[in-house]
Amino acid sequence: MATENGLETKTSVKESFEKPKEPGMNEWVLMLEGIFNTINHVMIGVVCIYTSWLCWINGFSKLYTWHVFLCLLGYHLLMTEGIVLFYSGNGWSQKLTHSHKRTVHWLIEVVACFCVVLGIALEIYYRETSNKRHFSSTHSIVGLCSLIFLCLTFVNGLMSLYAVELRRRIKPIYSKLSHYLSGTVCYALGMVAIMLAYKKKIYHQNTIQEGIDMMFSFTILVTALSLIGVVRTVYNQLRMLPK
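Calculation criteria
- Residues numbered from 1 in each chain as written.
- Predicted model: local features only at pLDDT ≥ 70, side-chain atom pairs only at ≥ 80, totals over all residues.
- Heavy atoms only, no water.
- Helix = DSSP H or I, 4+ residues; strand = E, 2+ residues; numbered from the N terminus.
- Buried < 20%, exposed > 50% of the residue type's maximum accessible area, 1.4 Å probe, protein only.
- Contact = heavy atoms within 4.5 Å.
- Phe/Tyr/Trp six-rings, centres within 6.5 Å; stacked < 30°, edge-to-face > 60°.
- Axes fitted to C-alpha atoms, helices over the stretch in contact; angles between N-to-C directions.
- Parallel < 35°, antiparallel > 145°, perpendicular 65-115°, else oblique.
- Left-handed = near helix turned anticlockwise from the far one by under 90°.
- Nonpolar A, V, L, I, M, F, W, Y, C, P; charged D, E, K, R; others polar.
- 1 Å grid on protein atoms, 1.4 Å probe; cavity = no way out; pocket = protein on both sides within 12 Å on 5 of 7 lines; lining within 4 Å.
- Points joined across faces, edges and corners; volume = space filled by probe spheres on them.

A. Summary view of the overall build of the protein. A tally of helices and strands in the protein yields eight helices and zero strands. In the protein, the succession of α and β elements from N to C terminus is α-α-α-α-α-α-α-α. The buried share of the protein, reckoned over its 243 residues, is 37%. Residue pairs in contact within the protein that sit at least 24 positions apart in sequence constitute 75% of those at least 6 positions apart.

B. Focus on the packing of aromatic side chains. All told, the structure shown has seven aromatic pairs when counted by the stated rule. Pairing Trp-66 with Phe-69 gives two aromatic rings, centres 6.0 Å apart and planes at 85°, and the pair type is edge-to-face. Taken as a pair, Trp-66 and Phe-69 lie in helix 3 (residues 63–84) at a separation of three residues, close to a single helical turn. The partly exposed category is assigned to Trp-66, whose relative accessible area is 33%. Here the aromatic residues Trp-56, Phe-60, Trp-66 and Phe-69 are joined through ring pairs into a cluster of three or more.

C. View of the packing of helix 3 against helix 4 (residues 98–129). Between helix 3 and helix 4, the least distance of the axes is 8 Å, while the angle of their chain directions is 160°. On the basis of the axis angle, helix 3 is roughly antiparallel to helix 4. Taken as a pair, helix 3 and helix 4 cross one another with a handedness that is left-handed. Split into classes, the residues belonging to the contact of helix 3 with helix 4 amount to 20 nonpolar, five polar and two charged.

D. Highlighting the layout of surface pockets. Reported here for the largest pocket is a volume of approximately 1,000 Å³. Every residue lining the largest pocket is counted, 37 residues in all, and those nearest its centre are Gly-82, Phe-86, His-105, His-179 and Tyr-180. Those elements that provide at least two residues to the lining of the largest pocket are helix 3, helix 4, helix 5 (138–161), helix 6 (172–197) and helix 8 (209–240). No other element matches helix 6, which puts eight residues into the lining of the largest pocket. Its residues assigned to classes, the lining of the largest pocket comprises 18 nonpolar, 13 polar and six charged. By volume, the second largest pocket amounts to about 630 Å³. When contributions to the lining of the second largest pocket are tallied by element, the ones reaching two or more residues are helix 3, helix 4, helix 5, helix 6 and helix 7 (201–204). In terms of residue class, the lining of the second largest pocket is made up of 16 nonpolar, nine polar and six charged.

E. Focus on the side chain of Gln-237. Mapped onto the secondary structure, Gln-237 falls in helix 8. Filtering out sequence-adjacent residues up to four positions away, Gln-237 remains in contact with Ile-173, Leu-177 and Tyr-180.

Read these as spatial facts, not as claims about activity.
What follows is the structure, given as structure tokens:
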């Protein structure tokens, strides 16, 4: 009888461990992720549409207008989407496998890099032909720093993509971590450069202060919401590093 009771006790303990956890908490987390992701996409859309409208008013015949438009498209829209597509709460990428997400991430980020590099190149060309000083403002210096980290991110992104093939030379965790870190700095600096650009004439001459304040606030929130998952991943990667 004691043996039977002991067996029953062991069985009940085993069943308690094997019993799946209540899904309530996970459902709430997923719901909150979905809500914040939707809010994030709304703010991205508002800023991009609003700034595109201002660029239209300012005139696309001007090189500076293309600089503003292409950098906004590269950083605020494409880079952000390339980051958030890995999140479980991101609606349009939920059905994709991890392998497909990596492929889409690369495609989006390559187009984003092209837009940013072209936008900055047009501004440099405009200043050169207009005999204006290069990198003379905080906005331009921050943008240049972001461009440097963009090049670094592209290089270690290739290393991360072929981490398995390069594992004899460098451990995959190091190549991936370096990509996360440089990409985070590049994106953060790019978004800061956009926020500094809200002080430029193209905004103050074509819209009201309330509109500029709205875009400034939305850009801060988009940056914060988009980097939450990246910061969490970097933290987990750092914990896994050999001590």
